[in-house]
Amino acid sequence: MDGIIQMLPAPLRRFSTYIDFAGQSKAEKIFQVIIVIASIIGFVVGYLLQQLWLTFAILGGGFVLANLIVLPCWPYFRKNPINWKPNPVDERPTPAAATKKEGASPNPKKDGKKHK
Amino acid sequence: MHSIWSRANSVFAFTLTAMSAVTFAVFLSTIWSQRVTDVTILATNPRVRVMPDYISESGRSDHAMVSLNIEADVSPIFNWNVKQLFMYLVAEYKTPKNTINQVVLWDKIVLRSERSVVIETNAAPKYYFIDDGQHLRGHENVTLYLKWNIIPNAGYLANAKAEGSYQVKFPSQYVSGRF
């Protein structure tokens, strides 16, 4: 997704879809809880009303809800940002390098760790 | 979980696993459900004729005909795990040639969404009742049973035989010509 964003025009390129590690574990717990609860509620409702499509409709609703909560990079998942050590070479960015190539620095030591 | 695609993949795979667990639970919830009810079967006007049958050894076979009356209320069998019921009427009898003969005379598919009371009045059999030989004339003990195949949404197909049968006695004279 970040690769696709880099192909957009310049003002939109600053968006990113990462979430940090603490956010990743929160997201995993959240979607597991949502889907398990949706399965249990779906099973109980379907059993009481004896309609199987209700069970799977409730499960599908739980799936949609989990996707809405977990897929976009909400600020809640970015509360513990990673503190990268500054790259000593990059502390002197040149104007020529910024305009020549789009976002890629001529420095060979960089390996895609910049998420600012 | 670092990118949107890997989060989407995790959520989707977990949902599929949860769905398979729910399906197994649905199957478990109907293991002991009712499979059998009472039915009423009546067969009137039994008649037998002889017909040429080039497949058999002797070249001639008995062909029997009755008029069927079936009353079956199968609504207690339907639950959330039953998709449809395939019911069929079987004539079972014993001959000197074969210990057991089973011939299906009529069948019907009853879906869960349709009326689940089956009433057939003076219906003709759907399939030919042709004997393996010429043993139906005067046969006193041809029994008609109604059986069904319960087709589930999750789990194995169950077979059941209804409570209620009818014994047909065929006349000892052939009918000539067509029925």
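By convention here, each chain's residues receive numbers from 1 onward along its written sequence. All chains are assigned letters beginning at A, and all ligands numbers beginning at 1, according to the order in which they are written. The predicted nature of this model means local features are confined to residues of pLDDT at least 70 and side-chain atom pairs, given and counted, to a pLDDT of 80 or more, with totals for whole chains, interfaces and linings taken over all residues. To get the side-chain values, all heavy atoms of the structure are used, and hydrogens and water are removed first.

As recorded in an unreviewed UniProt entry, chain B goes by Signal peptidase complex subunit 3 and comes from Panagrolaimus superbus. UniProt positions are given in the numbering used here, feature names are shortened, and annotations may be inferred rather than shown by experiment. In its Sequence similarities (unreviewed entry) section, the UniProt record describing chain B reads: "Belongs to the SPCS3 family." Quoted verbatim from the Subcellular location (unreviewed entry) field of UniProt, the annotation for chain B is "Endoplasmic reticulum membrane".

By the naming in an unreviewed UniProt entry, chain A goes by Signal peptidase complex subunit 1 and is assigned to Panagrolaimus superbus. On record in UniProt, under Subcellular location (unreviewed entry), the comment for chain A is "Endoplasmic reticulum membrane".

Student: Please explain the overall build of chain B as it appears in this structure.
Tutor: Helix and strand content of chain B: 1 helix and 8 strands. Listing each helix as α and each strand as β along chain B from the N terminus yields α-β-β-β-β-β-β-β-β. Projecting the C-alpha coordinates of chain B onto the three principal axes gives extents of approximately 85 × 35 × 25 Å. Expressed as a percentage of the 179 residues in chain B, the buried residues total 45%. Whether two residues are in contact is decided by their heavy atoms, any of which lying within 4.5 Å being enough. Put simply, 70% of the contacts in chain B that link residues at least 6 apart link residues at least 24 apart. Using the Shrake-Rupley algorithm and a 1.4 Å probe, accessible areas are obtained, with residue cover drawn only from the displayed protein chains. Accessible surface computed for chain B: about 9700 Å², of which carbon and sulfur atoms make up 54%. Positive charges come from Lys and Arg alone, negative charges from Asp and Glu alone, with His and the N- and C-terminal ends not counted. Charge positions come from single atoms, namely NZ of Lys, CZ of Arg, CG of Asp or CD of Glu. Across chain B, 17 positive and 14 negative side-chain charges occur, with their mean positions spaced 5 Å apart. For helices the rule is a DSSP run of H or I covering at least 4 residues; for strands it is a run of E covering at least 2, with both sets numbered from the N terminus onward. Exposure is judged per residue with a 1.4 Å probe applied to protein chains only, and the accessible area is read against the type maximum: over 50% gives exposed, under 20% gives buried, and values in between give partly exposed.

Student: What should I look at first to understand the sheet that holds strand 8 (residues 158-168) of chain B in this one?
Tutor: The strands making up a sheet are joined through hydrogen bonds of the backbone, oriented either antiparallel or parallel. Residue and element names in this part refer to chain B. Here 4 strands make up an open sheet; going across it, the order is 4-3-7-8 and the pairing antiparallel. Each edge of the sheet is formed by a strand with only one pairing partner; in this case those strands are strand 4 (101-111) and strand 8. Across this sheet, the average inter-strand angle for adjacent strands is 20°, counted without regard to direction. Two strands pair if DSSP finds at least two bridges between them. Two strands pair when backbone bridges link them, and strand 3 (residues 82-93) and strand 7 (residues 142-152) are joined in this way by 10 bridges, in the antiparallel orientation. Bridging across to strand 7, Leu89 finds its partner in Leu146. Helix axes use the C-alpha atoms of the stretch in contact, all axes being lines fitted to C-alpha atoms, and the angles between their N-to-C directions lie in the range 0 to 180 degrees.

Student: So what exactly am I meant to see when it comes to helix 2 (residues 21-49) of chain A here?
Tutor: Three- or four-residue spacings in an α-helix give side chains the same orientation, since the helix completes a turn every 3.6 residues. In this scheme, a helix's expected span is set at 1.5 Å multiplied by one less than its residue total. The first and last C-alpha atoms of helix 2 of chain A sit 42 Å apart over 29 residues, in line with the 42 Å expected at 1.5 Å per residue. Among the residues of helix 2 of chain A, Gly23, Gln24, Ala27, Phe31, Ile34, Ile35, Ala38, Ser39, Gly42 and Gly46 of chain A are the ones counted as buried. Buried residues along helix 2 of chain A sit against helix 3 (52-70) of chain A together with helix 1 (4-29) of chain B. Within two residues after helix 2 of chain A, Gln50 of chain A carries a phi angle of roughly 55°, on the positive side.

Student: What is the right way to look at the interface of chain A and chain B in this model?
Tutor: Frequently, the measure chosen for interface size is the accessible area removed from exposure when the parts meet. Listed as interface residues are 29 residues of chain A and, on the opposing side, 22 residues of chain B. Accessible-area loss on putting two parts together, using a 1.4 Å probe and summing over both, is the definition of buried area adopted here. Both sides together, the interface formed by chain A and chain B hides about 2300 Å², and carbon and sulfur atoms give 75% of it. On the chain A side of the contact with chain B, Gln50, Leu52 and Leu71 of chain A bury the most area, a combined 24% of that side's loss. Should a side-chain nitrogen of Lys or Arg be within 4 Å of a carboxyl oxygen of Asp or Glu, the pair is scored as a salt bridge. Scanning the region where chain A abuts chain B turns up 0 salt bridges. As used in this structure description, the phrase polar contact means that two N or O atoms lie within 3.5 Å; if the pair is within protein, one of them must be able to donate a hydrogen and the other to accept it, and residues adjacent in sequence are counted only when both atoms belong to side chains. Where chain A packs against chain B, one counts 4 residue pairs in polar contact (both at pLDDT 80 or more).

Student: Sorry, what's going on with the environment of Arg47 of chain B here?
Tutor: Residues and elements named next belong to chain B. Topologically, Arg47 is positioned in strand 1 (residues 39-52). We classify Arg47 as buried; its relative accessible area is 19%. Here the alpha-carbon distance between Arg47 and Thr30, two residues 17 residues apart in the chain, equals 43 Å. Beyond its immediate stretch of four places on either side in the chain, Arg47 contacts His63, Ala64, Met65, Val66, Phe170, Pro171, Val175 and Phe179.

Student: Explain the confidence of the model for chain A to me, please; I cannot follow it from the model alone.
Tutor: Note that predicted coordinates carrying low pLDDT should not be read in detail. Residues and elements named next belong to chain A. On average, residues of chain A carry a pLDDT of 79, and 72% of them reach 70 or more. Each residue carries a pLDDT score, the predictor's own confidence in it, on a scale running from 0 to 100. Taken element by element, chain A is modelled with least confidence in helix 4 (residues 95-100), mean pLDDT 56, and with most confidence in helix 3, mean pLDDT 95. Scored below 50 in pLDDT, residues 101-105 makes 3 contacts in the model with residues more than four places away or belonging to other chains.

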